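Descriptive structure summary
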Amino acid sequence: MAIRPAEQLIHKAAWLYYAHGLRQDEVASQLNISRASVAMYLRKARETGIVNISTSTQLFTNDVMARNVEDAFGLDAVWIAPENAYLADPSTDIAVLAASVFLELVKKGDRIGVAWGRTVYTIADIMSFADLQDVTVVQLCGNLGAPYSYRPDQCTMEIARRLNAKGLNFYAPLVLSTEELAKSLRAEPVIRDQLAGIADCDLALYSVGAVDADSHLVKCGALLPAEMEGLRSQGAAGVIAGQIIDAGGEVLDCSYNRRVISAELASLRAIEKRLMVVQEDTKFEPLLSAIAGRLCTHLVIGAHMAGRLLQYAEAATKKAS
């Protein structure tokens, strides 16, 4: 249900105050209203119950730009974080919004697939706690060393902890030294069964990785910068759950992918809700490839990225006509 214009400031004030922890005077400054008005809006939010950290995400689903992105790319739902001058790092707003959206999408009894990465790390770290019943969080791909605050398996378990859910980690490396070894490991009953069960997930949470020197795969040591550059020349466009995809969102035919322990893209596409979160504007091309491959049904992005997507769609429509 759309938010009435009279409720817009209540939602905005609650979002800034509760989600970002701004003081009331800072909220007043951002919204160009008095501090007394902020206090009144926050009181109304508490008294009526129409606004909390989760329902405030309605602000971002009722945006005209979000609707246009949905229509242009055939997505089920899009949330767009606005550009906020008070944040030194705009990607923080995207992660805060994504954490709230994720909690809205999770239902009791759900099985959730999680692919680790810098974006998912951030979401896990800021996610609110929720006491859900019979929820299971499973890792979508194998492990690598991580140059961040915690390892991939810890990322899965942190999300499970915040949901009071069961966590199932992938106790296997992401990439093996030979194709034969990877094939044998995938055939092991424990790994085989875990891979086979991914298609039964109700919700997936992941981002799409870049294919450059700053790629997560390069930072974690799975590929050397020169190797990644070579894959780019072969058509690499993005990374999904540790796998290299081409511009059409299909698995790139390369030795690296044949050495990876990860969910097949067909299993990911079988998941009803595939929530993709993209923080960096540098991931425009990888995001296009993920959308083209039907690896995303629900999307959280920033306003600048949304604008680029709409420009791309408009140009493609003009070219087709």
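Preceding this paragraph is the structure being described.
Right, let's get into the overall build of the protein. If you tally the helices and strands in the protein, you get 16 helices and 9 strands. Counting every position in the protein, which comprises 321 residues, the buried fraction comes to 51%. When contacts within the protein are restricted to residue pairs at least 6 apart in sequence, those whose partners lie at least 24 apart make up 71%. Put simply, the protein shows about 14,600 Å² of open surface, and 51% of that area lies on carbon and sulfur atoms.

Our next topic: the side chain of Arg162. Inspection of the secondary structure puts Arg162 in helix α8 (residues 152–163). A polar atom in the side chain of Arg162 sits 3.3 Å from the backbone oxygen of Ala124.

Below, the discussion takes up the packing of aromatic side chains. Going through the model one piece at a time under the given rule, you end up with 1 aromatic pair. Seen in terms of ring centroids, Phe284 and Tyr312 are 6.1 Å apart; in terms of plane orientation they differ by 75 degrees. Their pairing is edge-to-face. Residue Phe284 is located in helix α15 (residues 284–292), and its partner Tyr312 is located in helix α16 (residues 303–320); the two are separated by 28 residues in the primary sequence. With relative accessibility at 42%, the residue Tyr312 sits in the partly exposed group.

So, how was this worked out
- Residues numbered from 1 in each chain as written.
- Predicted model: local features only at pLDDT ≥ 70, side-chain atom pairs only at ≥ 80, totals over all residues.
- Heavy atoms only, no water.
- Helix = DSSP H or I, 4+ residues; strand = E, 2+ residues; numbered from the N terminus.
- Buried < 20%, exposed > 50% of the residue type's maximum accessible area, 1.4 Å probe, protein only.
- Contact = heavy atoms within 4.5 Å.
- Areas by Shrake-Rupley, 256 points an atom, 1.4 Å probe, with all protein chains shown as cover.
- Polar contact = N/O pair within 3.5 Å; in protein donor to acceptor, adjacent residues only side chain to side chain.
- Phe/Tyr/Trp six-rings, centres within 6.5 Å; stacked < 30°, edge-to-face > 60°.

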